[in-house]
Amino acid sequence: MRRMWWLATIPALALGCATGSSDNKPTSEAVKTQTQAQQALQKAADAQKRALQEQQKAEQLQQEVTQKQKDLADAQARLTAQRTKAEQAQRDAQRLTAQAQQEAQAQQQQATQMQRTEGQQQQQMTQQNQQAFMQAKTVRGQALSASKDELVLRSGDQGDLRLKLNDSTAVTVDGKLGSPDQIRPGGDVRASYQVIDGQPVALSIEARSKTSSSTSDQSNQSTAPNPKQ
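Residues numbered from 1 in each chain as written. Predicted model: local features only at pLDDT ≥ 70, side-chain atom pairs only at ≥ 80, totals over all residues. Heavy atoms only, no water.

**Considering unusual backbone geometry**
What counts is decided by this rule: What counts as a helix is a DSSP run of H or I of at least four residues, what counts as a strand is a run of E of at least two, and both are numbered from the N terminus.
One non-glycine residue with positive phi stands out, namely Asp 174, at about 55 degrees. Within the secondary structure, Asp 174 sits in the loop between strand 4 (170-173) and strand 5 (176-177). At Asp 197, a residue that is not glycine, the phi angle is positive and equals roughly 55 degrees. Considering the arrangement of structural elements, one finds Asp 197 in the loop between strand 6 (188-196) and strand 7 (199-208).

**As for the side chain of Thr 169**
Note the cut-off: Any N or O atom pair separated by 3.5 Å or less is treated as a polar contact, with the protein-specific requirement of one donor-capable and one acceptor-capable atom, and with residues adjacent in sequence counted only for side-chain atom pairs.
Locating Thr 169 in the fold gives a position in the loop between strand 3 (159-164) and strand 4. A polar contact is formed between the side chain of Thr 169 and the backbone oxygen of Ala 202, at a distance of 2.9 Å.

**A closer look at the confidence of the model for the chain**
Test applied: Every residue is assigned a pLDDT by the predictor, reflecting its confidence on a scale from 0 to 100. A contact between two residues is defined here by any heavy atoms of the two lying within 4.5 Å.
Residues with a pLDDT of 70 or more make up 78% of the chain, whose mean pLDDT is 82. Overall, residues 12-24 carries pLDDT values under 50, and its contacts beyond four positions in sequence, including any with other chains, amount to seven contacts. Under a pLDDT of 50 for its full length, residues 217-229 has, in the predicted model, zero contacts with residues more than four places off or in other chains.

Pasting the structure below:
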């Protein structure tokens, strides 16, 4: 307001000077001086007007700077808050990761223990099965056929049974060491065997020929007491 008042008074002063000088008889030099004074005052008024305009621009820019500083402060505050959130989220992620690793490790240990237990149980079952398979079994019946590799006999409880023979199979015929080819079809056979890989393998074979069986039966009949005597 003071600047506007000063600008308004400059033309008035110039007019007063022009009026006051008209009462006297100005000389050409006085008119010239008065004109220069008016021009100087006008230049001063113009300069003051430009100064006012520049001041207004400066104030406007200052307002813009103040607003931008405020915006910057708000942005910095939001940045600080966001960084705090990010740090908290990172800590939460690290905590959850550590918990997940601990749980995974515990589950892995549990799974390993379960696998070890299952493996031991499976091994025990395998050993039991092997013991059951390797346990010698006995069969009695009549020989159907015999070769160096196989004996086929028919038993009352197991039906027809094929026994594999090998070099370790002990064969006796009529109480004497013999060979599989001495076993005649129809002869009585008592054999012990093991199941190996699902196949019965003979351990020992005791065979009696038909002739020996008939002789033994006749001998038993002759030595039996006669009820008529």
